[in-house]
Amino acid sequence: MSPLTFTFRPLDPLNDAELLHTWVTHPKASYWMMQDAKLQDVERAYMEIAADEHHHALLGLRDGEPAFLMEYYDPAHRELVGLYDPQPGDVGMHFLVPATDRPVHGFTRAVITAVMAHLFEDPRTARVVVEPDIANKAVHALNEAVGFIPEREIQKPEKKALLSFCTRDHFEKAVHG
């Protein structure tokens, strides 16, 4: 089997909203916290991101077809303001792999690896910061596999989260040995 390769493109809030709506409202996407969102809610949320200089959304493509969602943000201005002391070069990240009836072994790990590699392509990125729900054990394991080191639990308005960091060096060591 050939390795999974992905490309990225900016999310188009209007044209991609219908697809995103199916992804974020699926029961397996409960940690995305958009279970009850209407199509217009998804459009509005991603229009706000598109207009925000500190928050960005990309679609990950496999063979040109949308395969996952990634968001990245400046934690000095979004998501984690006041919850930790951001350092220059910190980039916050979220990713969502949609539910499927035909899971591919290793797909989600390939996705997070591609997301991290994409973020570290920017020489200004020194460290990636994540804050998944404390109960999301599957994503904690994936984060660890690509080099994240948990720091501490934090209380966000919407959840108790596990604040974790991954430097470029930790990512390289985790992925390439």
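We now turn to the structure provided with this report. Keep in mind that what you see is a predicted model, and the values were worked out from it rather than measured.

With respect to the overall build of the protein chain
Secondary structure assignment for the protein chain yields five helices and seven strands. Going residue by residue from the N terminus, the α and β elements of the protein chain occur as β-α-α-β-β-β-α-β-α-β-β-α. Relative to its length of 177 residues, the protein chain is compact, with a C-alpha radius of gyration of 16 Å against a globular reference of 16 Å. Counting over 177 residues, the protein chain shows a buried share of 44%.

Examining the pairing of strand β2 (residues 55–62)
Most of β2 is tucked away: six of the eight residues are buried. As paired strands, strand β1 (residues 7–10) and β2 are joined by four bridges and run antiparallel to one another. Along β2, the bridge assignment pairs P10 with L58. When β2 meets strand β3 (residues 65–73), the two strands line up antiparallel, connected through eight bridges. Residue L61 lies in a different strand from β3, and its bridge partner there is P66. Two successive antiparallel strands, β2 and β3, enclose a turn made up of two residues, where D63 displays a positive phi of approximately 55°.

Some remarks on the sheet that holds strand β4 (residues 90–96)
Across the sheet, seven strands lie side by side as β1-β2-β3-β4-β5-β7-β6; this open sheet has mixed pairing. Each edge of the sheet is formed by a strand with only one pairing partner; in this case those strands are β1 and β6 (149–155). Between one strand axis and the next, the sheet turns by 30° as a mean value, whatever way the strands run. Of the strands in this sheet, β6 and β7 (160–167) are in contact with helix α5 (residues 168–176), which crosses β7 at around 85°.

Describing the packing of helix α3 (residues 107–120) against helix α4 (residues 137–145)
In contact at an axis separation of 10 Å, α3 and α4 are set at 55° when each is read in the N-to-C sense. In terms of their interaxial angle, α3 and α4 are classed as oblique. Here α3 and α4 pass one another in a crossing that is right-handed. On α4, the residues that touch T108, R109 and I112 of α3 are L142, N143 and A145. Residue composition of the contact of α3 with α4, by class: three nonpolar, two polar and one charged.

Procedures and definitions
Residues numbered from 1 in each chain as written. Predicted model: local features only at pLDDT ≥ 70, side-chain atom pairs only at ≥ 80, totals over all residues. Heavy atoms only, no water. Helix = DSSP H or I, 4+ residues; strand = E, 2+ residues; numbered from the N terminus. Rg over C-alpha atoms; globule rule 2.2 N^0.38 Å. Buried < 20%, exposed > 50% of the residue type's maximum accessible area, 1.4 Å probe, protein only. Pairing = 2+ DSSP bridges. Axes fitted to C-alpha atoms, helices over the stretch in contact; angles between N-to-C directions. Contact = heavy atoms within 4.5 Å. Parallel < 35°, antiparallel > 145°, perpendicular 65-115°, else oblique. Left-handed = near helix turned anticlockwise from the far one by under 90°. Nonpolar A, V, L, I, M, F, W, Y, C, P; charged D, E, K, R; others polar.

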